[in-house]
Amino acid sequence: MKTQKRTARIGTVAAILLLSTVFSPARSALSAAGPVKALIVTGQNYHPWKMTSEALKQMLEDTGLFQVDIAVSPPAKASMKSFNPNFAAYRLVVLDYSGDDWPSATQKAFVSYVKNGGGVIVYHSANNTFPKWPEYNEIIGLAGWGERTDKAGPYVYWKDGQVVRDAGPGVCGYHGPEHSFLVVNRDSTHPITAGLPDRWMHATDELYGLLRGPAKNLTILATAYFAPEESGTGRHEPVLFTVNYGAGRVFHTVLGHARPESPHPALECAGFIVTFQRGAEWAATGKVTQKVPADFPGTSRDFRTPEDVRRWPGYRPPSLETILHDLDSLEYSRNEEVIYRLREYVLNHRNDAAGRADSEERLLGFLVMSKNAAAKLAVCRELRLIGTEKSVRILEQMLLKEETADMARYALEKIPGAAADRALLGALETAQDGGKLGIISSLGARKAAEAVKPLAGLLADQEPAVASASAISLGKIGGKEGTAALFGAYDKAQRPFKADLASALLLCAEECLSSRDYASADGIFGKILGSQPPLVPVVLRQAALKGKIMAAEKDTARSLILETLTGGLQEMHEPAIGLVPEVFKESEIGPVLALLPKLPEAGQVQLLAVLAGYPKDAVRPAVLAAAKSASPDVRIAAVKALARVGDPSTVPILAERAAGSRGSEQLAARTSLWTLPGKAVDEAILFRLVASPDDPVKNELIQAAGERRIVSGKNLLMTMAGSGPPSINPEAAKALRAVAAPGDIPELLGILLGMTEETAQEEMENTIGALAQKISDPSARGDAVEGLLAPAPDAKALPVTDIPKRCLLYRTLGKTGDDSSLGLLRAALRDANAAVQDSAIRALSDWPNPTPREDVLKIAQNSKDLTHQVLALRGFVRMISLEKYQSPEAAVRSLKTALDLTTRPDEKKLVLGALADFACPEALALAESLLTVEGVREEAQAAVAAIKEKLEIPKTN
Amino acid sequence: MKRRQFLKTLPIAAAGVAGFPTIVSASALGRQGAVAPSNRIVMAGIGFGMMGIPNMEVLLGKDEVQWVAVCDLDKNHLAEAKGIVDTKYGNTDCAAYTDFRELLARPDIDAVSLAVPDHWHAFLAISCARAGWDIYGEKPFSHSLREGRAMCDAVKRYGRIWQTGSWQRSVEKFRPACELVRNGRIGKVRQVEVGLPEGHYDFARTFGQEAITPPPPELDYDFWVGPAPYSPYCKARVHMNWRWNMDFGGGQLMDWIGHHGDIAHWGMGWDTAGPVEVEGRGEFPTSGIYNSALRYRVTAKYADGTPMVIAGGHPDIWSGTKWIGEYGWVYVDRGRFETQPASLVNEVIGPNEIQLYKSTDHYQNFLDCVKTRTPTITPAEVAHRSASVGHLSVIAIELGRKIRWDPAAEAIIGDPEAERLLSRSYRKPWMLPQ
């Protein structure tokens, strides 16, 4: 696969780029002055630079303007001393390089090249490299990654019609998953973008965001909105821009991401190629003479199908001659591409009668001429699609030959009309062994009525497989004749052939049922039902009983079921019970209910499930009786049925059963209590909650109130959380999560501060935290708690002063996760009281987002208390995984920091667990460094394996 | 072949394994004492090349199951499967068959686990149903749409219980997500998005091994090809990677439609519905023996006009299932459940609202239903509908045009060529049983 893909990749890019010559300007324009010399610098890049540099070269050459050389650096970590391209000999340098630092002489030569008027293209990841080379960063204008921080320069993006330079803090460089996006032309006066549409759709690409840099003399030409739905920044990020550096012109395109394997939609996108070609000419010469192609992608296309962007003009599909010529040398598992071209041709010519007839004729000609079995199979697959009676003659000849019989059938089976039937019937007489079976199969699949007579004859064939196959096909063909033929053989037949005939007859009878010929259906079902058990297996007789009940008048059907359940064989109970709802109305169910307790256990279980579908009042007493059965299976089935047939009066039974049983029975009772419909049931639950003297039962009812979201029970639950017996406080506090609203938070805080038991406090903290998440303004989520800890000066309230209570409030802040509360917690860290400090540390370590990442790191580094160190460290590791805008390498560096702080194997394991999410060589190295560490060897091995696995898989984003 | 170790390290399958419900033994569920032998469900398994072993291991752990036979036409797979059963019971009693026809003759089997390549699904499902066995069958449900219909009819005719390996319905947040959508929490749904994997995944580490060689002695290759058109043996064609050739499997689209597409249907209440129009495109390899789509994008429009976008390799369609409604969206995948507004995630669906089938253990649900004779959480008809939209997508991509579909009659409207693609002919001597 890998080798094929490589071929395909190069093939694809080359093919697309060849087509791109369609866009070339008149080659003569510059030829008088000779081509412009351009140099592509590459050799180190985490993208497939061998492919990209060749592709860029071809794009440049396709303009007819450039003569291109490629300078390949030594590989990563090798000595760079020898790397000193002669920049001065060129007018354009294309940077497709992201890797080790250049020697200082090379750096100097490059800077002087640009200063003196040299043209530069910064392509995609070239803006990731050389973070510590100030001139380079000025030349490229904006950059990302590579350990850059906010010191790299401001963020530059587009907002409200102008360029924003934002020097605020934050990471440098980010991309999300690849996606297709709209590029907006921001400067239609610049030579590069003049004449391009106002906006165009760009094919699937990696969009860069959060770039920062010196951004001096920078002109934005085009931006793209990095939508939050695409895990984006919500900013209009610059994607094409220019920088003037000394006398040099720099064109920077962040587009054109290349994946490790094809396809490469971004590189093949017309929008990328054309802007790259125009940018190159401008950087080298200061003007653009290339014409914008007439079909440059616009916005009129369907945004949702980015492939349209890549559909190039000038594509001429090959002729059928060419295809068939290539097809004749088809080998299995080799050049199978030709099969797609064949399919494409056939589909493209299906709509005009002449073209279609022509395709068919030439395909048939190929079948006659070719000796290649694989190719003929491919052609038969096409005839399967478009073949007509015209194909029958040649397919019929193939049907007679062992090596082509199957492929001929693939086509013939699908060709409508009597001629194909006749061809198959003709071959039936001469075909041998397996070939005969194939033809019988096709005749059945075609439901060929003419086949009934010959197939009937074959029911008596010496070869059992032929007789069986004929029975199956006769069943599929059905009809009066088919049925008669099967009947004819039925009485005399022995095992196992009789069973084949019986299943075929079942099909015939089903056909009678659906055409409402009940008498015939009843006749067939009766015949099978009356057969001797050893000759016809139970399952077929069960099917026949079902059919017989379905075919009967309702009265007869009811007696059939009742007779079966009272006197019949136990093995026939199952189909009878299954049909109860079909034939017994609510008012007629009495006799069935009476039978319920008398049935064997399995029958009771099955019947209870069936009864659950009946109107409640008709069946509830019987189900309640069964709920007291001595058999656990029957009890569980009854309790489950009560979810549908229960009513308010069933509430106490279910609650007591939930409190008094375990395992499946408890689960069934709880599920029924939680799902039994009706407002009256809600009221019954609240009433029992007050009335029941038993705490376990009360807890079941409280849980049910939460699960059922009984909002009217809110006040009652608040009372029970605050002042009820201690054994029900936690459950009540938990249930409030579902029934209370954010507006109740102040009251819940009051209850929390009155609580003494830790379990109850924890449940209440979690409830308050969950309710706070429903407040739409994230910076208001902690307001109620903050108001108690530090009331605003104009508020009349006084702060809570009692230390244990303050601790509870700090802990609750950790649950509400409001970043604007962090100031209070940071202050609490410095509190003199150890308990307050402890609560603040716990709240910060639990924080649901990564904002306080540095805070917890400091705690982990500086705390003297082992528990606090561990809590903070765990929080830190968790927050690294939560951080959205970071490269894997940056995450690994943070994890390394965490690892250096660990003292116990437990935390090392945590770091190892997180590492696997950030697969990169650094992660691998870090995981491998722990392979020899006692206590975490296994985890390190697992992490190494997981990272290797991820690094090995071709990444697509 | 070390399939189990392999599955454990595999990202996609690992996500699946990790997502499996914790296995709780029956005794922990409060069944006092062991299940009496007479009450046990006697099981056999056919196909142990990939999902057969993990499925069997879970079922083997259930007290009410007695495993008596295994069947595989690869003798190595067979020996591994028999070894697992024999180790579990501490004896050598587990019967081993290379020919399922011998297994089918056994009168003592109650239920069977089927985990064979797609091109064998219908044949074995119908044969086992006719033998009176209940079936735990892997997805995709069927290899062609018409086979799927025949399978449903057979399961119904012979009164069998069917569970599909679409286990997402039984784990994690899939049900709560669907309940939010069903109860109108995001208003009328404007678009459903189903994001599936792209490309081909080298499950067996046999990519590139396309040289035609004699099949290994342990594998009866002609039998393995069975009803599919014959192609010569090469290593890359068989175990675990057969899926990437459309003669034997259905590519990523069919492999995953029974998961995320199935969940999409559940959330929309489309368990017995189907699209009315399907249109899509795909990109295909240009060489080699694999010919299922690498990237693809399909829009299937349902009767009320709601479009379902099914895509692989299109990052704007997130992996998993997303319903976009008037007031927000609900998104669910393995290990992910997100909503807009975010607070919807914690919404409780009360008893007076639409409650969906609740199962927390896909295998236990099968065994429970075998006992109660009630439909499982993913019965045949439901699985057939989930697979149908996949089959129609494959046909629309293959023909490169919009096809129209009557979901009630299960018929293509006005396109005889598309109609021809609804079924496949069987290679001799095989024919679809009934």
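Residues numbered from 1 in each chain as written. Chains lettered and ligands numbered in written order. Predicted model: local features only at pLDDT ≥ 70, side-chain atom pairs only at ≥ 80, totals over all residues.

## Focus on the overall build of chain B
Summing up its helical and strand segments, chain B has 13 helices and 15 strands in all. Computed over the C-alpha atoms, the radius of gyration of chain B is 21 Å, within 12% of the 22 Å expected from 2.2 N^0.38 for a compact globule of 434 residues. Structurally, chain B occupies a C-alpha span of about 60 × 55 × 40 Å along its principal axes. Relative to all contacts within chain B whose residues are 6 or more apart in sequence, the contacts with residues 24 or more apart total 73%. (Helix = DSSP H or I, 4+ residues; strand = E, 2+ residues; numbered from the N terminus. Rg over C-alpha atoms; globule rule 2.2 N^0.38 Å. Contact = placed C-beta atoms within 7 Å.)

## A few points about the overall build of chain A
Looking only at helices and strands, chain A features 46 helices and 13 strands. Relative to the 2.2 N^0.38 estimate, which gives 30 Å for 957 residues, the radius of gyration of chain A is 39 Å and therefore markedly larger than a compact globule would have. C-alpha extents for chain A along the principal axes are approximately 105 × 95 × 55 Å. By the burial criterion, 50% of the 957 residues in chain A qualify as buried. (Buried ≥ 20, exposed ≤ 12 C-beta atoms within 10 Å, placed from the backbone.)

## A look at the nonpolar core
All names here are of chain A. Leu-608, Val-623, Leu-895 and Leu-915 are the most contacted members of the largest nonpolar core, which has 315 residues in total. Leave out the neighbours within four places in its chain, and Leu-895 touches Val-877, Ile-880, Val-911, Ala-914, Leu-915 and Leu-926. Within the second largest apolar cluster, 82 residues are counted, among which are Leu-60, Val-114, Ile-121 and Phe-272. (Core = buried A, V, L, I, M, F, W, Y, C linked by C-beta atoms within 7 Å.)

## What about the interface of chain A and chain B?
Interfaces are often sized by the accessible area lost when the parts come together. In this complex, chain A contributes 86 residues to the contact, which on the side of chain B involves 60 residues. Counting residues per element, the side of chain A that touches chain B draws most heavily on helix H15 (residues 433-445) of chain A, at 9 residues.

## Quick notes on the packing of helix H45 (residues 921-929) of chain A against helix H46 (residues 937-952) of chain A
Residue and element names in this part refer to chain A. Relative orientation of the contacting elements H45 and H46 amounts to 160 degrees, with a least axis distance of 8 Å. Classified by the angle their axes make, H45 and H46 are roughly antiparallel. Here H45 runs over H46; the crossing is left-handed. Every residue of H46 that contacts H45 at Ala-923, Leu-924, Ala-927 and Glu-928 is listed here: Ala-940, Ala-943, Val-944, Ile-947, Lys-948 and Leu-951. (Axes fitted to C-alpha atoms, helices over the stretch in contact; angles between N-to-C directions. Parallel < 35°, antiparallel > 145°, perpendicular 65-115°, else oblique. Left-handed = near helix turned anticlockwise from the far one by under 90°.)

## Let's talk about the confidence of the model for chain A
When pLDDT is averaged along chain A, the result is 89, and 94% of the positions lie at 70 or above. Between residues 1-31 of chain A, whose pLDDT stays under 50, and residues either more than four places distant or in other chains, the model counts 60 contacts. (pLDDT = per-residue confidence, 0-100.)

## Concerning the sheet that holds strand S10 (residues 307-312) of chain B
Residues and elements named next belong to chain B. Taken in spatial order, the 9 strands line up as S13-S12-S11-S7-S10-S9-S8-S14-S15 in an open sheet, and their pairing is mixed. Strands with a single pairing partner mark the edges of an open sheet, and in this sheet they are strand S13 (336-340) and strand S15 (411-413). Neighbour-to-neighbour, the strand axes of the sheet open up by a mean angle of 20 degrees, direction not taken into account. As paired elements, strand S8 (residues 275-283) and strand S14 (residues 403-406) share 2 bridges and run antiparallel to each other. If you follow Glu-277 over to S14, its bridge partner there is Arg-404. Across the sheet, helix H10 (residues 251-268) lies against strand S7 (189-196), strand S9 (295-302), S10, strand S11 (320-325) and strand S12 (329-333), angled at about 150 degrees from S7, the strand it touches most. In this fold helix H12 (residues 380-399) packs onto S8, S9, S10 and S14, with an angle of close to 55 degrees to the strand it touches most, S8. (Pairing = 2+ DSSP bridges.)

## A few points about the pairing of strand S8 (residues 179-185) of chain A
For a regular strand, the rule is simple: side chains alternate between the two faces of the sheet. Residues and elements named next belong to chain A. The buried fraction of S8 amounts to 5 of the 7 residues, a majority that puts the element mostly inside the structure. Pairing of S8 with strand S9 (residues 199-205), which is carried by 5 bridges, proceeds in the antiparallel orientation. Along S9, the bridge assignment pairs Leu-182 with Met-201. Across 3 bridges, S8 lies against strand S11 (residues 218-225) in antiparallel orientation. When the bridges of S11 are listed, Asn-185 appears paired with Ala-222.

## Side note on the sheet that holds strand S6 (residues 162-164) of chain B
Residue and element names in this part refer to chain B. The strand order across the open sheet formed by 6 strands is S3-S2-S1-S4-S5-S6, and the pairing between neighbours is parallel. Looking at the sheet topology across the chains shown, the edges are occupied by strand S3 (95-97) and S6. For this sheet the average axis-to-axis angle between neighbouring strands, irrespective of direction, equals 20 degrees. Where strand S5 (residues 134-137) and S6 come together, 3 bridges link them in parallel fashion. Among the inter-strand pairings, Tyr-136 is bridged to a residue of S6, identified as Gln-163. Helix H6 (residues 118-130) contacts strand S1 (41-46), strand S4 (111-114) and S5 of the sheet and is inclined by roughly 160 degrees relative to S5.

## Quick notes on the environment of A:Ala738
For A:Ala738, the location among the structural elements is in helix H34 (residues 729-739). Look at A:Ala738 and you get buried, because 22 C-beta atoms sit within 10 Å. If we skip the residues at most four places from it in the chain, A:Ala738 touches A:Gly706, A:Arg709 and B:Val348.

## Some points on the pairing of S12(B)
Residues and elements named next belong to chain B. For S12, the buried fraction is high: 4 of the 5 residues fall into the buried class. Sheet topology places S11 next to S12; 4 bridges connect them, and they run antiparallel. Residue pairing in the sheet places Lys-322 in a bridge with Tyr-331 of S12. Hairpin remark: S11 followed by S12, antiparallel, with 3 residues in the connecting loop; positive phi at Gly-328, about 160 degrees. In the sheet, S12 pairs with S13 via 5 bridges, with the strands oriented antiparallel. Paired with Tyr-331 across the two strands is Glu-338, which belongs to S13. If you look at the hairpin formed by S12 and S13, you'll find 2 residues sitting between the two strands, and Gly-335 has a positive phi there, around 80 degrees.

## Looking at the environment of B:Ser144
Residues and elements named next belong to chain B. Secondary-structure assignment places Ser-144 in the loop between S5 and helix H7 (145-157). Classification of Ser-144 as buried rests on a count of 22 C-beta atoms within 10 Å. In this structure the C-alpha to C-alpha distance between Ser-144 and Arg-424, which are 280 residues apart in sequence, comes to 6.8 Å. What Ser-144 contacts, discounting residues up to four positions off in sequence, is His-391, Leu-422, Ser-423 and Arg-424.

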